[in-house]
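Spelled out from the first residue to the last, the chains are:
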Amino acid sequence: MMKADRTELSLIGVAIAVAIAAQFSPNWLVFTLTLAISTGLVVMGVVMLMRAGLVSFGQGLFYCLGGYAVGLGGRFLGITDALVLIGLGVVATVAIAMILGLLVTRYREIFFAMLSLAFSMILYGILVKSHGLGSTDGFGVVDWTLLWFDSKTGDSANMALMLAIALALLIALFLNRYFKSSIGLACEAIRENEVRVEYMGISRQQTLYINYVIAAAIGSVGGSMTALAAGHVDPTMAYWTISGEFVFIAILGGTGHVAAPFIAALIFTLVRTYAIELAPNAWQMILGIVLLLIILFLPKGIWSLFTRKKGAAS
Amino acid sequence: MKTTQQRTIWQKTLLSTATSVALASAGVMGLATTAHAQDSFKVGFVTFLSGGASGPFGVPASQGAKLVVEAINEGTLPAPYDSVGVNGLQLEMVEVDEAGGPTKQVEEYRNLVQRQNVNAVIGYISSGDCLAVGPVAEEMQTFTIAFDCGTSRMFEELEDPKYVFRTGLDAVADNVGAARYLAETRPDAKRIAGIQQNYAWGQDSWQDFTLAMEQLMPEAEIVNNQTPQIFQGSYGTEISALQTRRPEIVHSSMWGGDMESFVAQANARGLLAQATALLTTGESGLHRFDGQAPNGTILGGRGPFGGFMPENDLSEWFSKAYEEKHGTPPSYPASKAAQAILALKYAADNSDADGVPSSEELAAALKGAKFESVSGTVNMGLAGGHQAVQPMLYGEYHFEDGQAELRNVKSYPGDCVSAPDGYNAQEWIKEGFPGSSCD
């Protein structure tokens with residue numbers, strides 16, 4: 001219990017530090033950070049599934065649902081409050097995940113991966129065919145408000161970051177406890193030995209189902225935040241390469257800690273944007289080499305840098 | 001776990017050193033670029049440098065832009081652009097890859113303006129990127145020219161733009177022009193079919209084309225439309241489906257490699273012997289078909305660009321310089337990129353600014369302006385002076401003795417193919433083109 005408290009305190013501390021540092025950071029970094037945190041949230045969902053031994057190549061489905069909920073809610077329902085829009089996304093996503101979860105949690109390994117990918121590509125296909133929603137061009141997100149704040153007049157980049165930090169902190173605190181809760185531990189146990197878990201009287205189906213739905217809801221928050229920050233949604237959000245990126249960042253960060261996906265997402269985004277700046281014609285190569293090196297030398301993810309030091313000290 | 005424990009100390013040291021150096025250098029680079037001397041004018045140029053659109057569009061556009069930037073810096077352009085630099089400043093161009101989708105382009109746009117401190121941004125081939133970047137450009141108050149993207153929603157969604165301009169025509173002009181060309185040259189055609197890539201561009205193009213055909217050739221029947229995936233490459237099924245419907249005209253908005261593959265396959269399978277293809281972006285294949293397209297195939301170049309450029313000092317210089325450097329005449333994306341750079345030079349030279357012109361001064365100079373370009377005189381006459389009005393041209397492809405050329409070229413004035421301000425483009429077509437003059 002002592003240990004958990006320390007993690008929570010440091011999470012809060014880091015969140016406050018980032019929020020303060022952002023006030024003195026250039027605007028581009030604020031925006032990049034917002035996107036990285038949003039991506040980190042979706043990756044969080046991938047990590048949750050990974051802890052249960054499942055790899056989802058379709059987390060883009062929930063990312064896209066969250067994004068489109070913000071876009072459509074603003075455009076057709078006239079909602080401008082950011083929290084209501086994000087809530088709308090979560091409700092819609094949870095509803096869909098509860099239906100899909102019944103099916104996909106029956107599958108494991110490559111079958112789960114392919115099935116999740118298929119559902120995400122179905123959404124992509126539907127959106128591409130939706131001419132009224134701009135097809136592949138997507139459409140713009142309306143100006144949003146948050147309590148007293150209006151993105152039309154205020155510093156929306158900064159406000160989006162504050163909102164992202166607050167949401168990410170809440171979710172990280174929740175997940176930190178969740179991973180240590182009986183259901184969180186049951187997920188890990190399922191990864192190790194499913195049959196044994198059943199013999200212990202825990203329903204693996206139920207455990208995986210709850211885990212899947214929570215992961216979906218968190219992915220939706222990430223998508224909503226991306227839409228609010230970038231101001232545009234398009235079907236690419238559900239495309240399989242985006243889902244692949246999430247899996248990649250999850251592997252990059254490792255499953256060891258709730259902070260790992262955020263750090264990995266930030267490193268991924270920064271490496272990519274500097275690679276684009278330095279080598280407009282060969283940035284994919286730089287990105288690929290850097291990521292390959294990290295995977296080669298840190299097979300347990302970036303977070304293993306931190307845990308190893310701790311191990312050496314004790 | 002074993003591998004972690006067995007890792008030797010030198011590996012750990014190496015790793016942590018490498019990581020720290022990487023992170024530190026990223027930070028230093030970020031700081032270094034913020035300090036930037038203002039003795040030059042820095043422009044960000046965003047176009048596809050990777051992916052399917054890079055070969056036919058992105059790379060030629062980048063080559064065209066670079067050529068004009070070099071000439072501007074040396075002062076070797078013909079009049080009225082024969083002064084050195086833009087407003088006397090050397091023009092520095094930073095390239096960014098457009099691949100990756102709108103969210104990433106919004107991020108890279110912000111990085112261009114705030115990290116690389118560019119004074120203006122020119123770019124964007126993809127309509128989705130234009131729609132996403134437009135509002136951001138307004139928010140960041142940075143002079144921005146969209147040079148190629150074709151969505152008619154751009155200035156419908158961006159109300160009262162101040163900083164965003166488009167120096168190219170939209171897809172409505174392409175397809176209204178195409179319908180007008182058919183009405184003029186193939187008035188007896190009865191069976192019209194289409195094949196479009198299954199994404200926004202293809203869907204929009206087909207919608208605008210069919211709406212225009214209802215107005216201009218009400219007798220003609222739309223018999224079929226195929227929508228293969230983008231970058232599908234093989235069109236056997238679609239070609240067979242089209243053949244069974246016996247069309248006389250096959251309209252296609254497919255572009256680049258897809259368009260060229262379709263033409264080659266449709267020609268081999270005999271579809272193009274029975275029907276004439278009308279390719280709205282076909283000009284980019286003008287010097288690449290090498291006779292694989294039958295003579296008489298109707299090509300468009302999204303306006304007076306590439307092979308449709310009128311004869312003037314600028315276009316002659318551009319064609320000659322481009323061919324000398326790259327071994328092939330410029331295609332329409334190259335001319336459109338050149339046009340956007342010329343628009344920037346025009347705006348800077350006429351900004352009356354002392355030193356580096358601000359985005360406000362540039363916007364004021366280009367708003368509603370008429371400037372000379374490789375495509376003739378460009379009139380920034382729509383969307384409150386932010387959208388170019390130019391003629392739309394179509395012609396027939398002819399290949400003889402190893403030489404490709406355009407014949408029977410018809411030009412339709414800007415007012416004839418573009419909706420006036422205040423009209424939604426589709427409404428304008430449905431109402432029978434009110435306010436258009438085609439003489």
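A quick note: this is a predicted structure, and the numbers were derived from the prediction, not measured.

Draft legend 1. Local environment of the overall build of chain B. From N to C terminus, chain B includes 16 helices and 15 strands. Over its C-alpha trace chain B gives a radius of gyration of 23 Å, about what one expects of a compact globule, namely 22 Å for 439 residues. Once the C-alpha set of chain B is aligned to its principal axes, its extents read approximately 75 × 65 × 45 Å. Looking at chain B as a whole, 55% of its 439 residues are labelled buried. In chain B, once contacts between residues fewer than 6 apart in sequence are set aside, the share between residues at least 24 apart is 69%.

Draft legend 2. The overall build of chain A, seen in detail. Within chain A one finds 13 helices and four strands. Computed over C-alpha atoms, the radius of gyration of chain A comes to 19 Å, within 12% of the 20 Å expected from 2.2 N^0.38 for 314 residues, which places it in the range of a compact globule. Taken along its principal axes, the extent of the C-alpha atoms in chain A is 55 × 45 × 45 Å. Sequence separation of at least 24 residues holds for 79% of the intrachain contacts in chain A that already meet a minimum separation of 6.

Draft legend 3. Here's a closer look at the UniProt feature "transmembrane region" (unreviewed entry) in chain A. All names here are of chain A. UniProt's entry tags residues 31-49, 61-77, 83-103, 110-127, 156-175, 209-231, 246-271 and 283-306 with the feature "transmembrane region" (unreviewed entry), counted in the numbering of this structure. Split by type, residues 110-127 is 100% helix and 0% strand. Its first and last C-alpha atoms lie 26 Å apart. Along residues 156-175 one finds 100% helix and 0% strand; the C-alpha atoms at either end are 28 Å apart.

Draft legend 4. Examining the sheet that holds strand β8 (residues 249-252) of chain B more closely. Residue and element names in this part refer to chain B. The strand order across the open sheet formed by seven strands is β7-β6-β8-β9-β10-β14-β15, and the pairing between neighbours is mixed. Both edges of this open sheet fall to β7 (221-226) and β15 (403-412), since each of them pairs with a single strand only. Taking each pair of neighbouring strands and ignoring which way they run, the sheet shows an average axis angle of 25°. As paired elements, β8 and strand β9 (residues 276-279) share four bridges and run parallel to each other. Considered in β9, the bridge of Ile249 is made with Thr276. Running at roughly 180° to β9, helix α10 (residues 256-268) makes contact with β6 (191-195), β8 and β9 of the sheet.

Draft legend 5. Expanded view of the pairing of strand β2 (residues 90-97) of chain B. All names here are of chain B. Alignment of strand β1 (residues 40-47) against β2, held across eight bridges, turns out to be parallel. Its bridge partner lying in β2, Gly44 is registered against Val94. Following the backbone out of β1, through helix α3 (residues 54-74) and into the adjacent parallel β2, one traces a crossover that is right-handed.

Draft legend 6. Broad picture of the domain arrangement of chain B. All names here are of chain B. We note that the domain assignment places domain 1 (40-169 + 309-389) and domain 2 (172-301 + 401-430) within chain B. Relative to domain 2, the C-alpha centre of domain 1 lies at a distance of 27 Å. The partner domain 2 presents 19 residues to the 21 residues of domain 1 that form the contact. Counting only elements with at least two residues in the side of domain 1 that touches domain 2, the list comes to α3, α13 (332-349) and β12 (376-382). Tallied by class, residues from the side of domain 1 that touches domain 2 come to 10 nonpolar, 10 polar and one charged.

Draft legend 7. Just the nonpolar core, in detail. Of all hydrophobic cores here, the largest spans 241 residues; its most connected members are Val43 and Ala264 of chain A together with Val43, Ile122, Ile341 and Leu344 of chain B. Lining this core are residues from two domains, each supplying at least three of them: domain 1 (40-169 + 309-389) and domain 2 (172-301 + 401-430) of chain B.

Draft legend 8. Just the interface of chain B and chain A, in detail. Taken together, the contact pairs 37 residues of chain B with 35 residues of chain A. Those elements giving two or more residues to the side of chain B that touches chain A turn out to be α1 (2-6), α2 (9-34), β2, α4 (102-115), α5 (127-140) and α8 (200-216) of chain B. With nine residues, the top contributor of residues to the side of chain B that touches chain A is α4 of chain B. Taken together, the residues that form the side of chain B that touches chain A break down as 13 nonpolar, 16 polar and eight charged.

Draft legend 9. Looking closely at the packing of α13 of chain B against helix α14 (residues 359-366) of chain B. Residue and element names in this part refer to chain B. Axis separation between α13 and α14 bottoms out at 8 Å; the angle between their running directions is 105°. As judged from the angle between their axes, α13 and α14 are roughly perpendicular. Of the residues in α14, those touching α13 at Ala343, Tyr346, Ala347 and Ala348 are Leu362, Ala365 and Leu366. Of the residues contributing to the contact of α13 with α14, the split by class is seven nonpolar, no polar and no charged.

Draft legend 10. Spotlight on unusual backbone geometry. Residue and element names in this part refer to chain B. Look at the link from Ala79 to Pro80: it is a cis peptide, with omega at 5°. When you line up the elements, Pro80 lands in the loop between α3 and β2. Notably, Asp401 is not glycine yet its phi reads approximately 50°, a positive angle. Locating Asp401 in the fold gives a position in the loop between β14 (392-400) and β15. Even without being a glycine, Asn408 presents a positive backbone phi close to 55°. With respect to the element layout, Asn408 can be found in strand β15.

Draft legend 11. Fine view of α3 of chain B. Over its 21 residues, α3 of chain B runs 28 Å from end to end, which matches the ideal 30 Å to within 8%, given 1.5 Å per residue. The first or second residue beyond α3 of chain B is Gly75 of chain B, which carries a positive phi of 75°.

Draft legend 12. Spotlight on the UniProt feature "domain: Leucine-binding protein" (unreviewed entry) in chain B. UniProt marks residues 41-396 of chain B with the feature "domain: Leucine-binding protein" (unreviewed entry), using the numbering shown here. Helix makes up 42% of residues 41-396 of chain B and strand makes up 19%, while its end C-alpha atoms are separated by 42 Å.

Calculation criteria
Residues numbered from 1 in each chain as written. Chains lettered and ligands numbered in written order. Predicted model: local features only at pLDDT ≥ 70, side-chain atom pairs only at ≥ 80, totals over all residues. Helix = DSSP H or I, 4+ residues; strand = E, 2+ residues; numbered from the N terminus. Rg over C-alpha atoms; globule rule 2.2 N^0.38 Å. Buried ≥ 20, exposed ≤ 12 C-beta atoms within 10 Å, placed from the backbone. Contact = placed C-beta atoms within 7 Å. UniProt positions renumbered as here; feature names shortened; annotations may be inferred. Pairing = 2+ DSSP bridges. Axes fitted to C-alpha atoms, helices over the stretch in contact; angles between N-to-C directions. Right-handed = clockwise from strand over helix to strand, strands pointing away. Domains from an automatic or database assignment. Nonpolar A, V, L, I, M, F, W, Y, C, P; charged D, E, K, R; others polar. Core = buried A, V, L, I, M, F, W, Y, C linked by C-beta atoms within 7 Å. Parallel < 35°, antiparallel > 145°, perpendicular 65-115°, else oblique. Expected span 1.5 Å × (residues − 1).

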